[in-house]
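An overview of the molecular structure
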Amino acid sequence: MNTVLKTAIIAGLLVSTAACKKDKKEEVLPNLKGTVMTSLPRYLLQGEKIAFTPKGVTHPENKPMGWYITVSKDKKEVYRDTLKKLNEEKIKEFSYVFPADSVGNYQIQCAAYADGYNTNYSSRHLTVVGPLMRAKPIIINGETVYQLRRNEHASITESGIDFNNGKYFDIENRRYFYHEATEGLYWMQDNLMEPGKGKAYTNEEAMSSIFGRYYSWEEAKTVCPEGWRLPTASEWDALVSRTEELLKSGTEAGQTVPGAWVADARFHGVTMWEYWPANDQGMGDLTNAMKMCMLPVGYANLPADKFDGMFEYAMFWSSDEIDASKARAYGIYNYWKEAKTFSMDKKSHGLSVRCVKEK
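Computed from a predicted structure; not experimentally measured.

1. A closer look at the overall build of the protein chain
The helix and strand inventory of the protein chain stands at 5 helices and 24 strands. For the protein chain, the share of sequence-separated contacts (at least 6 apart) that also reach a separation of at least 24 residues comes to 62%. About 18,800 Å² of surface is accessible on the protein chain, with carbon and sulfur atoms providing 48% of the total.

Encoded structure:
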């Protein structure tokens, strides 16, 4: 058989096979009714439990239906549970406690299935966060956790706070560090978290111990712990002046005031201050020379429940009012070379709070 004839026969067979496959109809499975519904927060503190019973899906023929759930991190499954087998009548509650080293992003996937039907999936994302420090000891998976000594289990790392040698005091479930930033005056090194007042980031309570809370001006005047108070505008000005003196002394020559107030903090490994150290614009190198450890957690529009400026601004109240509706605030931005003062609405703006105390 010559080569041309052989090629023609093979081509004919391929066309015939393809035609047979095309004629054969693919089986299309029907769908279960509804959508899987779960109840999950966006953020959760490590050591806390999530618990819910999924719902929302039914069988079109009222036949047996099963449920299962998986928990994954970085596309790797870390937990799986069958909530209901086909031969079981009731669906059990899903319950899971994230362990002490669980900080990071997770995917929770819940599925309903039945014989002869497509599986109905629903996926939600959850971020497990861990605070820098705690005051009261808590138990996580049988382990007593007091103060996190290793930042790898905290959401914010490289914060600039000296956990080993710094001064601190405890309030309820939070440990606050402070230092003498201006002469004769102690300044807190992280944002105040006062439960019951202000708002947590995206209204998720787990974020209070990570970013602090956002307060109106009236709230800010009342939230500092006993012996501490909101700094005045002149005290903020003194902080700016002392920082400028340090920069001119040569110790931190060529740097900026904002750069001296912040460290190269990371949120789950991601740089929080987005800056351009090789560019003429921006705060330059992040030295944290003044040990203020400021974080760019932005500000809140309280009436609208909106949070803006995350990873860009750090904004703080002073105790000085400008008029009946405005008060003085101070802030830094990742592209500014200096700290700036603002006139902010007392009621609608929610800002961070740093408290001060006489030495």
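2. Some words on the packing of aromatic side chains
Evaluated as defined, the whole model comprises 28 aromatic pairs. Chaining the aromatic ring pairs together yields one cluster made of Tyr43, Tyr201, Phe211, Tyr214, Phe267 and Phe307. A cation over an aromatic ring shows up here: Lys340 above the ring of Trp336, its NZ or CZ 4.5 Å from the ring centre. Of note, Lys357 hangs over the ring of Tyr178, and the distance from its end group to the ring centre comes to 5.7 Å.

3. Structural notes on the sheet that holds strand E13 (residues 167-171)
Here 4 strands make up an open sheet; going across it, the order is E13-E14-E15-E24 and the pairing antiparallel. Edge strands, defined here as strands with exactly one partner in the open sheet, are E13 and strand E24 (356-358). Direction aside, the axes of adjacent strands within the sheet are offset by 35° on average. Against the sheet, helix H4 (residues 233-248) contacts strand E14 (174-182), strand E15 (185-188) and E24, and its axis sits at roughly 65° relative to E14.

4. Some points on unusual backbone geometry
Backbone geometry places Lys75, a non-glycine residue, at a positive phi of 65°. With respect to the helices, strands and loops of the structure, Lys75 is situated in the loop between strand E5 (66-73) and strand E6 (76-84). With relative accessibility at 86%, the residue Lys75 sits in the exposed group. The backbone of Asn288 shows a phi angle near 55°, a positive value even though the residue is not glycine. When you line up the elements, Asn288 lands in the loop between strand E17 (270-271) and strand E18 (297-301).

5. What to know about the pattern of salt bridges
One pass over the full model with this rule turns up 13 salt bridges. In this structure, Lys199 engages Asp305 in a salt bridge whose closest nitrogen and oxygen atoms are separated by 2.1 Å. One end of the pair, Lys199, is in the loop between E15 and helix H2 (208-211); the other, Asp305, is in the loop between E18 and strand E19 (306-310), and 106 residues separate them in sequence. You can call Asp305 partly exposed: its relative accessible area is 39%. For Arg266, the salt bridge identified is with Asp264, shortest N-O distance 2.9 Å. Residue Arg266 is classed as partly exposed on the basis of its relative accessible area of 27%. On the basis of relative accessibility, which here comes to 22%, the residue Asp264 falls in the partly exposed class. Put simply, Arg229, Glu235 and Glu358 are held in one network by salt bridges that share partners.

Calculation notes
Residues numbered from 1 in each chain as written. Predicted model: local features only at pLDDT ≥ 70, side-chain atom pairs only at ≥ 80, totals over all residues. Heavy atoms only, no water. Helix = DSSP H or I, 4+ residues; strand = E, 2+ residues; numbered from the N terminus. Contact = heavy atoms within 4.5 Å. Areas by Shrake-Rupley, 256 points an atom, 1.4 Å probe, with all protein chains shown as cover. Phe/Tyr/Trp six-rings, centres within 6.5 Å; stacked < 30°, edge-to-face > 60°. Lys NZ or Arg CZ within 6 Å of the ring centre and 35° of its normal. Pairing = 2+ DSSP bridges. Axes fitted to C-alpha atoms, helices over the stretch in contact; angles between N-to-C directions. Buried < 20%, exposed > 50% of the residue type's maximum accessible area, 1.4 Å probe, protein only. Salt bridge = Lys/Arg side-chain N within 4 Å of Asp/Glu carboxyl O.

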